Amino acid sequence: MKELERKRTVEKIKEDIESLQILEKHRKKQEELEKDPIIAQYYDLLSEIKRLEQKTKLFTSLDQTIFWEFTWANINGKDDCSHEIWIYEGSYYCLTDPWGEHDHYCKCDDESHTDFEYNIYVCLSCEKFVKVNDWQSFEGTHTVLKSRALDKTPHYYTKMFYQLLYTHSVEEAQRKLIEAFNQDKGYTKKYRPKNSF
């Protein structure tokens, strides 16, 4: 090592020692300040803010909060869902692959399509979907909201239902949703489920 390098290293050591001394002074000052009840309250507040930010990071609005909490409630209790109201998603037929690799299922206008296979219905509450071949029997024994002309998805109505559930009973939310669906549909046919609202 040359003398010049030694002197530079010694200077760095002195700077490090000075930094350690300053750090020690700052730590003592921090200890004194932490004894102050207002500063202790400030640290508690910072901790609470971080906890709440972590808890609410998915919630950017009341709408998002309602949607996620009802979604999680339905995911956790999916086996308990009574599937009271179903929404018609569409009718499908099978398009056979001429090369025999795999068939394709395509949406058709309605059940009268010559190659009709099944309808898909989505549960309003938990968004479970079912494929039903015997659609007349299914629609005769379930409350089904059905329209081929709507441009709104079943998910749109699930979100609306969750919003209604936030401020209304289940029965009232179902009634209001059916009214909204009928308005979107363009007329007010009354749906009467087996267990009437």
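Structure first, text after, so check above.
Undergrad: Kindly report on the overall build of the chain, identifying the contributing residues and their values.
TA: Scanning the chain for helices and strands turns up six helices and five strands. Order of helices (α) and strands (β) in the chain, N terminus to C terminus: α-α-α-β-β-β-β-α-β-α-α. Against the 2.2 N^0.38 benchmark of 16 Å for 197 residues, the chain shows a C-alpha radius of gyration of 32 Å, more extended than a compact globule. Its C-alpha atoms give the chain principal-axis dimensions of about 95 × 55 × 30 Å. Of all 197 residues assigned to the chain, the portion counted as buried reaches 28%. Accessible area for the chain stands at about 14500 Å²; split by element, carbon and sulfur atoms hold 52% of it.

Undergrad: How would you summarise the pattern of salt bridges if you had to cite specific residues and measurements?
TA: This model, assessed by the stated rule, comprises eight salt bridges. Between Arg 175 and Glu 172 there is a salt bridge whose closest N-O contact spans 2.4 Å. Residue Arg 175 and its partner Glu 172 are both found in helix α6 (residues 170-185); the two are separated by three residues, about one turn of the helix. Given the relative accessible area of 25%, Glu 172 is considered partly exposed.

Undergrad: If you had to explain the packing of helix α5 (residues 154-167) against α6 to someone new, which residues and values would you point to?
TA: Their axes nearest at 9 Å, the elements α5 and α6 cross at an angle of 140 degrees. By the criterion of interaxial angle, the relationship of α5 to α6 is oblique. Here the hand of the crossing between α5 and α6 comes out right-handed. The residues of α6 that touch α5, namely those facing Tyr 156, Tyr 157, Met 160, Phe 161, Leu 164 and Leu 165, are Val 170, Ala 173, Gln 174, Lys 176, Leu 177, Ala 180, Phe 181 and Asp 184. When its residues are assigned to classes, the contact of α5 with α6 shows 11 nonpolar, one polar and two charged.

Undergrad: I'd like to hear about the nonpolar core, residue by residue, with values.
TA: Note that soluble globular proteins tend to have their nonpolar side chains buried in a common cluster. Counting residues in hydrophobic clusters, the biggest one holds 16 residues, and the most contacted among them are Leu 124, Leu 145, Tyr 157, Phe 161, Tyr 162 and Leu 177. Here this core takes five residues from α5, the largest share from any one element. Those residues in contact with Leu 124, other than ones at most four positions away along the chain, are Ile 85, Ile 87, Tyr 157, Thr 158, Phe 161 and Leu 177. By size, the runner-up hydrophobic cluster in this structure holds 10 residues, among which are Tyr 88, Tyr 121, Val 132 and Phe 138.

Undergrad: Tell me about the environment of Asp 16, and please be specific about residues and values.
TA: Positionally, Asp 16 belongs in helix α1 (residues 3-34). Here Asp 16 falls in the partly exposed class, since its relative accessible area comes to 49%. The sequence separation of Asp 16 and Pro 154 amounts to 138 residues, and the corresponding C-alpha distance is 66 Å.

Undergrad: So, α5: which residues are in play, and what are the values?
TA: Taking 1.5 Å as the rise per residue, α5 with 14 residues should run 20 Å; its terminal C-alpha atoms sit 21 Å apart, in good agreement. When α5 is considered as a whole, its buried residues turn out to be Pro 154, Tyr 157, Thr 158, Phe 161, Tyr 162, Leu 164 and Leu 165. Summarising the axial view, the buried residues of α5 lie within an arc of 165 degrees, below the 170-degree limit, and thus occupy one face.

Undergrad: Give me the lowdown on a nonpolar patch on the surface, citing residues and values where you can.
TA: A cluster of nonpolar side chains, namely Tyr 42, Tyr 43 and Leu 46, defines an oily patch on the protein surface of about 300 Å² accessible area. With relative accessibility at 33%, the residue Leu 46 sits in the partly exposed group.

About the criteria used
- Residues numbered from 1 in each chain as written.
- Predicted model: local features only at pLDDT ≥ 70, side-chain atom pairs only at ≥ 80, totals over all residues.
- Heavy atoms only, no water.
- Helix = DSSP H or I, 4+ residues; strand = E, 2+ residues; numbered from the N terminus.
- Rg over C-alpha atoms; globule rule 2.2 N^0.38 Å.
- Buried < 20%, exposed > 50% of the residue type's maximum accessible area, 1.4 Å probe, protein only.
- Areas by Shrake-Rupley, 256 points an atom, 1.4 Å probe, with all protein chains shown as cover.
- Salt bridge = Lys/Arg side-chain N within 4 Å of Asp/Glu carboxyl O.
- Axes fitted to C-alpha atoms, helices over the stretch in contact; angles between N-to-C directions.
- Parallel < 35°, antiparallel > 145°, perpendicular 65-115°, else oblique.
- Left-handed = near helix turned anticlockwise from the far one by under 90°.
- Contact = heavy atoms within 4.5 Å.
- Nonpolar A, V, L, I, M, F, W, Y, C, P; charged D, E, K, R; others polar.
- Core = buried A, V, L, I, M, F, W, Y, C linked by side-chain atoms within 4.5 Å.
- Expected span 1.5 Å × (residues − 1).
- Arc of directions from axis to C-beta.
- Patch = residues over 30% accessible without salt bridge, like charges linked within 9 Å, V, L, I, M, F, W, Y side chains within 5 Å.

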